[in-house]
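Coordinate analysis (summary)
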Amino acid sequence: MRLTLILLLAMLFSSCERLLFQDDMSSIDPFENFDYLWNEVDQKYSYFELKNINWDSIRVEYFSKLYSEMPEDSLFKVLASMLVELRDDHTNLVSPFNISMYNVEFLGPQNFNFRIIKEHYLGSNIQYTGSLVHGFLHNNNIGYIRYASFTNGLSDRDLTYVLDIYKNTNGLILDLRSNGGGSIFNVPQLLARFVDSKQLVGYFRTRNGISHSDFCDKESFYVTPFSGMRYQKPVMILIDRGSYSATTFFALATKAIPNLILVGDTTGGGGGLPNGGQLPNGWTYRFSIGQLLDIHENNYAEEGVPPEIAVNFDWNNMAVDEIIERAVVEINSMTK
Amino acid sequence: MKTINTNRLLFRTVLFFVFVCFLDFHVFPQRQEELKHDSITKHEKPVKPPKYSLSSSGFASFTYRDFATSPLFYRGPSMRFSYGNLRIDERIDQMWFIDFGGGAAFAKIPKSSYLQSYTTAFFLRGELYFHLLYDIKRLSNSFCNVKFGGSGAYFANVRYNESLGNNGIGVDNIFNLMFAMKASKDISRKTEKTRNWLFIEKVLKPKKRTLCFQVNTGILNFNYRPGYAYSYSGELNGNDTNPIGWFFQDYKWAMNGWRLSTKLNFTSYLSNGNARQFAYVWDAVGAPGRHSGFEMATHRLQITILFNTK
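All figures in this text were calculated on a predicted structure; none of them were measured in a lab.

In terms of helices and strands, chain A carries 10 helices and 13 strands. A principal-axis box enclosing the C-alpha atoms of chain A has dimensions of 95 × 55 × 40 Å. Burial status across chain A gives 46% buried among its 336 residues. For chain A, long-range pairs separated by at least 24 residues make up 72% of all intrachain contacts whose partners lie at least 6 apart in sequence.

Listed below in structure tokens is the structure:
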């Protein structure tokens, strides 16, 4: 009997985590979910001051649109509209039925149509190597390389193979238009092929406190040269408003590398590393928690990195890519 | 309000340990004297306690919540495997083990009247554990043997939750120095017994068996968890960047939190000196960290084979 009692007490004592843990916070209550999201953004979002956003007044505006028992799709619209006020495509609310977006690419004209390039520039000489699509242009004097997304892995083998093909050209065109970003580690890997010494190309800093101006010390962003095949001749980097996040990181870094020249339209931005989180109702979200600065500590990457040579697409002529044409002219003028 | 409750509980736990420490400090010296006296008068070499090699496997139910990324509990099943070493007799209990496991956990999301959300996390866990316990004569009697001592544990919990984007990977490093108490009851079958079960008669031979209950409570609790923003843009040194070092750049040490674990086990010794052990292990951890807290509990059913090595 005594033994049974001990066993029962032992089992009872072994199930008391509910006493130790904080209460279950899961909830579909619109007010609780609104408060949770608003507070998370308030405490961690990194661009309030740069964008001159009054987050308190935004709370007042959108809180007034809440009501008890409001349908979930209505709550989604309120929360999504509140996040759009941040003017940031690294900010999304994700529910099973919808995803909120700012759509920064609509701030500029569309400047990319890959069919024109395949049909009128690369033709049958097009090659697909890993994540890269490439071919010769302009009587084999210029190499064209298309990297569609930094989410696609880059292997040293593929990069070496591709650059070896174009090693005798006068210049390269690296097309990063409509490249929406991806892994930041692919940025230094690609840049390593265009530098011959270790170079500082920018800084990062991350929010680290309650105040909107609280940031940790800046961290350096270096590019180191690849030990094998590199390309040291002029490289035109094609960008547009669809070049976002990691592509903006890449574009900003090129400002510190003389032989890399940006051609096209300003990038979409996305200089802040986005985090991720979940609301009490199970929806997930993300928003920027860091900032990208150039080597002079200028803080413009979130609004987009401007090109050295601004060119836009002419949609009246569907056989010509004006941005490629301008890049070709630039390479030819540099090699004369 | 919840913090106050937790603090109150922690305060009571501390009081309990102060009491236990008091007992321990007063009983140990006497015990040491007894041992010393015995060794001098009898001029006999002390008998070394038997040593076992442990190999365990088990199923666990896992619950955690990482406030930095979600206010929701994640729950799910996991498998655990351990290997270790045990030296045990009535005077001493010394054990270490390494433990590996992994599983999947599902967010406890409230029911939606629209479209239901689902999020899943996967995790791997590794743990190192050590304890050293001595019997307390004043508390031990013919009913049970009571041992007190210390234990240390470190575990790393690697979580992956794709829906959390750049915060999808989290590593919880928890290190605890704990006070440990173990009560053992000898429930050996001393005489041969006959049992009838569905008209089948079975003769049960004498067998050595023990039933033990152990409690570990953290005294010094450390954790190494992500910093303020969880994700961090650390220094990138081109292709020379170490991804692991980059990942941990903003992790912070903190000395706070609690840990409480219990283990109820039944050990049946075999005629060849080996043994089988069936255990129910409950383990709960709280780590407020520097910025956002982490809570975790596991309930584990475990089978262990003890190989007698000496």
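Another point: the overall build of chain B. Each helix and strand counted, chain B has two helices and 14 strands in total. Among the 310 residues that make up chain B, the fraction classed as buried is 34%. Pairs at least 24 apart in sequence give 66% of the contacts found in chain B among residues at least 6 apart.

This brings us to the interface of chain A and chain B. In this complex, chain A contributes 54 residues to the contact, which on the side of chain B involves 50 residues. Looking at the side of chain A that touches chain B element by element, the count peaks at five residues for strand 7 (residues 219-223) of chain A. Its residues assigned to classes, the side of chain A that touches chain B comprises 24 nonpolar, 20 polar and 10 charged. Here strand 7 of chain A runs beside strand 10 (residues 236-237) of chain B; their pairing, made up of two bridges, is parallel. What sits directly across from Tyr222 of chain A, in strand 10 of chain B, is Asn237 of chain B.

With that settled, consider the nonpolar core. Residue and element names in this part refer to chain A. Among the nonpolar cores identified, the biggest contains 60 residues, and Ile173 and Ile237 are the most heavily contacted of them. Per element, the largest residue contribution to this core is six residues, and it comes from helix 9 (residues 246-254). Aside from chain neighbours lying at most four places away, what touches Ile173 is Leu137, Ile142, Tyr144, Met236, Leu238, Ile324 and Ala327.

In this model, chain B carries an average pLDDT of 86, and 85% of its residues clear a pLDDT of 70 or more. This stretch, residues 20-42 of chain B, has a pLDDT under 50; its non-local contacts, to residues over four places away or in other chains, come to 10 contacts.

A separate point is the sheet that holds strand 12 (residues 290-293) of chain A. Pairing is mixed across the open sheet formed by four strands, whose spatial order is 12(A)-6(A)-7(A)-10(B). The open sheet has two free edges, formed respectively by strand 12 of chain A together with strand 10 of chain B, since each of these has just one partner strand. Pairing of strand 6 (residues 199-206) of chain A with strand 12 of chain A involves four bridges; the strand directions are antiparallel. Counterpart to Tyr203 of chain A in the pairing with strand 12 of chain A is Leu293 of chain A. Of the strands in this sheet, strand 6, strand 7 and strand 12 of chain A are in contact with helix 9 of chain A, which crosses strand 6 of chain A at around 135 degrees.

The next thing to look at is the sheet that holds strand 3 (residues 132-137) of chain A. Within a sheet, adjacent strands bond to each other through the backbone by hydrogen bonds, running parallel or antiparallel. All names here are of chain A. Taking strand neighbours across the sheet as the criterion, the seven strands line up as 2-3-4-5-8-9-13 in an open arrangement whose pairing is mixed. The open sheet terminates on both sides in strands that have one partner only, identified here as strand 2 (127-129) and strand 13 (309-310). Bridge count between strand 5 (residues 171-175) and strand 8 (residues 235-239): four bridges; the pairing is parallel. Across the sheet, residue Asp175 finds its bridge partner in strand 8, namely Leu238.

On to helix 7 (residues 156-165) of chain A. Residues and elements named next belong to chain A. Within the span of helix 7, buried status applies to Leu159, Val162 and Leu163. Looking straight down helix 7, one finds its buried side chains confined to an arc of 95 degrees; they lie on one side. Residues of helix 7 that are exposed and point more than 90 degrees away from the buried face comprise Arg157 and Asp164. Looking at the buried residues of helix 7, the elements they touch are strand 2, strand 3 and strand 4 (142-147).

As a rule of thumb, non-glycine residues mostly have phi less than zero, and peptide bonds are mostly trans rather than cis. All names here are of chain A. Non-glycine residue Asn140 carries a positive phi angle of around 65 degrees. Along the polypeptide, Asn140 turns up in the loop between strand 3 and strand 4. By the C-beta count within 10 Å, which is 13 here, Asn140 ends up partly exposed. Backbone geometry places Ser178, a non-glycine residue, at a positive phi of 55 degrees. Following the sequence through the fold, Ser178 ends up in the loop between strand 5 and helix 8 (186-191). Its 23 C-beta neighbours within 10 Å are what place Ser178 among the buried residues.

Turning our attention to the pairing of strand 9 (residues 209-225) of chain B. Residue and element names in this part refer to chain B. The pairing of strand 6 (residues 169-186) with strand 9 spans 14 bridges and is antiparallel. Paired with Met178 across the strands is Gly218, a residue of strand 9. Pairing analysis gives nine bridges linking strand 9 to strand 12 (residues 258-269), with the strands arranged antiparallel. Each bridged residue has a counterpart across the sheet, and for Thr210 the counterpart in strand 12 is Thr267. Bridge analysis of strand 9 against strand 11 (residues 252-255) gives four bridges, and the strand direction is antiparallel. Of the residues in strand 11, the one forming a bridge with Phe222 is Met255.

Residues and elements named next belong to chain B. If you trace the backbone, Asn216 turns up in strand 9. Judged by the 24 C-beta atoms lying within 10 Å of it, Asn216 falls in the buried class. Along the primary structure Asn216 and His131 are separated by 85 residues, whereas in three dimensions their C-alpha atoms are 9.5 Å apart. Setting aside residues no more than four positions away along its own chain, Asn216 makes contact with Ser151, Met178, Ala180 and Ser261.

All names here are of chain B. In this fold, Pro49 is placed in the loop between helix 1 (2-42) and strand 1 (51-66). The exposure class of Pro49 is partly exposed, given the 16 C-beta atoms found within 10 Å. Between the C-alpha atoms of Pro49 and Asp89, which are 40 residues apart in sequence, the distance is 5.2 Å. In this structure, Pro49 is in contact with Arg87, Ile88, Asp89, Arg91 and Ile92, ignoring residues within four places of it in sequence.

Reading the values: the criteria
Counting restarts for each chain: residues are numbered from 1 in the order of the written sequence. Both sets of labels track the order of writing: A upward for chains, 1 upward for ligands. A pLDDT threshold of at least 70 governs which residues receive local features in this predicted model, and a stricter bar of 80 or more applies before side-chain atom pairs are shown or counted, although totals over entire chains, interfaces and linings include all residues. Only DSSP runs of H or I with at least four residues qualify as helices, and only runs of E with at least two residues qualify as strands; both kinds are numbered from the N terminus onward. Counting other C-beta atoms within 10 Å of a residue's C-beta gives its exposure: the residue is buried at 20 or more, exposed at 12 or fewer, and partly exposed in between, where C-beta atoms are placed from the backbone. Here, residue contact means that the backbone-derived C-beta atoms of the two residues sit within 7 Å. The residue classification treats Ala, Val, Leu, Ile, Met, Phe, Trp, Tyr, Cys and Pro as nonpolar and Asp, Glu, Lys and Arg as charged. All others, Gly included, are polar. At least two DSSP bridges between two strands are required for those strands to pair. For this entry, the nonpolar core is defined as buried Ala, Val, Leu, Ile, Met, Phe, Trp, Tyr and Cys residues connected by C-beta atoms within 7 Å. One number per residue, pLDDT, summarises how confident the predictor is, and it ranges from 0 to 100. Whenever a helix is involved, its axis is fitted only over the stretch in contact; in every case the axis is a line through C-alpha atoms, and angles between N-to-C directions fall within 0 to 180 degrees. The arc under discussion is defined with respect to the helix axis, by the directions toward the C-beta atoms.

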